[in-house]
Amino acid sequence: ESLGLEHPFVLARYDRAADVQDLERLFLETRDRGNEGLMLKDPNSGYMPGRRGQAWLKLKRPLATLDVVVTAAEWGYGKRHGVLSDYTFAVLGGRGELLDVGKAYTGLTDAEIAAMTSHFLAHTVVDEGRRRLVEPETVLEVAFDSIQKSRRHPSGFALRFPRILRVRDDKRPDEIDTLANVASLYERFYGGEGTVDLAQIAVT
C-alpha cells in the first residue's frame, strides 16, 4: 500500500478471520467470486520464497462433483507403468452423445487400478498404442476444483484438477451428468462467461 502502485498493479484482497465461522464465510464469498480458495496467512509472518511452513496455508475444496463415464484409458508412468491408470471421461450432450470434459489419474487404489486395467483391456474398442478407446460403460464420480473453457475437448469445457471419488457401479451410463449441468456450474461460479449454445457443441 505504501508504494502507491497504480493500474495495471492491484493489491490482493485482504480480510481478517477471527474464528472458524469467519473462515467459512470468507471461503464461500471467495468461491462465489469464482476463485478456487483462500491463502491463510499469519499477519505477522514474513515472505520466505521457496520455503514451506505453517504460517501460510492454502485452503481449497472441490467445486462440485459429477458422475461421468470413461471413454478412454491410457497407460501410466513410473510406478504405474504397465497399468491403465489415466481415464478420459465424458458427460452427456443434448442429443445423448458423449462429450469429453477431462482426464483423471488419482483417487483409486492400486487394487482398483489393476481391476480397471483388466476390465478396459477386455472392453477396448480401438487400440491406439498408448491410449485405448473403451466401451463407455464405467461410471465414475469425480471431484474437481474449477471449470474452464476448452478448445481441446468437444464439450467446450475442461474440469481442473479432477480426482476420482468412487466407481459408480450403481449407475448406468445414461444416468450420468449432462453438458447442461457443466455449463450451469460454469455460469454460476464464473459470472455467466460460460454461456454457450449447447446445440452448437461438436458431436464426435
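Residues numbered from 1 in each chain as written. Predicted model: local features only at pLDDT ≥ 70, side-chain atom pairs only at ≥ 80, totals over all residues. Heavy atoms only, no water.

## Overview of helix 2 (residues 110–122)
A rise of 1.5 Å per residue sets the reference length of helix 2, with its 13 residues, at 18 Å; its end C-alpha atoms lie 19 Å apart and thus fit the reference within 8%. Turning to helix 2, its buried residues are Ile113, Met116, Thr117 and Phe120. Projection of helix 2 onto a plane perpendicular to its axis shows the buried side chains occupying an angular sector of 110°, all on one side. More than 90 degrees from the buried face of helix 2, the exposed residues found are Ala111, Ser118 and Ala122. Buried residues belonging to helix 2 abut strand 3 (64–75), strand 4 (84–92), strand 6 (124–127), strand 7 (131–134), strand 8 (139–144) and strand 11 (163–167). (Helix = DSSP H or I, 4+ residues; strand = E, 2+ residues; numbered from the N terminus. Expected span 1.5 Å × (residues − 1). Buried < 20%, exposed > 50% of the residue type's maximum accessible area, 1.4 Å probe, protein only. Arc of directions from axis to C-beta. Contact = heavy atoms within 4.5 Å.)

## What about the pairing of strand 4?
Among the nine residues in strand 4, nine count as buried, and that is most of the element. Pairing geometry for strand 3 and strand 4, over six bridges, is antiparallel. Paired with Ala72 across the two strands is Thr88, which belongs to strand 4. With six bridges joining them, strand 4 and strand 5 (residues 98–104) adopt antiparallel strand pairing. Across the sheet, the residue bridging to Tyr87 is Ala104, located in strand 5. Where strand 4 folds back onto strand 5 in an antiparallel hairpin, the turn is made up of five residues, including Gly96, whose phi is positive at roughly 85°. (Pairing = 2+ DSSP bridges.)

## What to know about the packing of aromatic side chains
One pass over the full model with this rule turns up three aromatic pairs. An angle of 50° between the planes, with centres 5.4 Å apart, marks the rings of Phe157 and Tyr186 as tilted. Of this pair, Phe157 sits in strand 10 (residues 157–160) while Tyr186 sits in helix 3 (residues 179–189), placing them 29 residues apart in sequence. With respect to class, Phe157 is no different from Tyr186; both count as buried. Seen from the ring of Phe161, Lys60 lies directly overhead, with NZ or CZ sitting 4.9 Å from the centre. In this structure, Arg61 packs its charged tip against the face of Phe27, placed 4.6 Å from the ring centre. (Phe/Tyr/Trp six-rings, centres within 6.5 Å; stacked < 30°, edge-to-face > 60°. Lys NZ or Arg CZ within 6 Å of the ring centre and 35° of its normal.)

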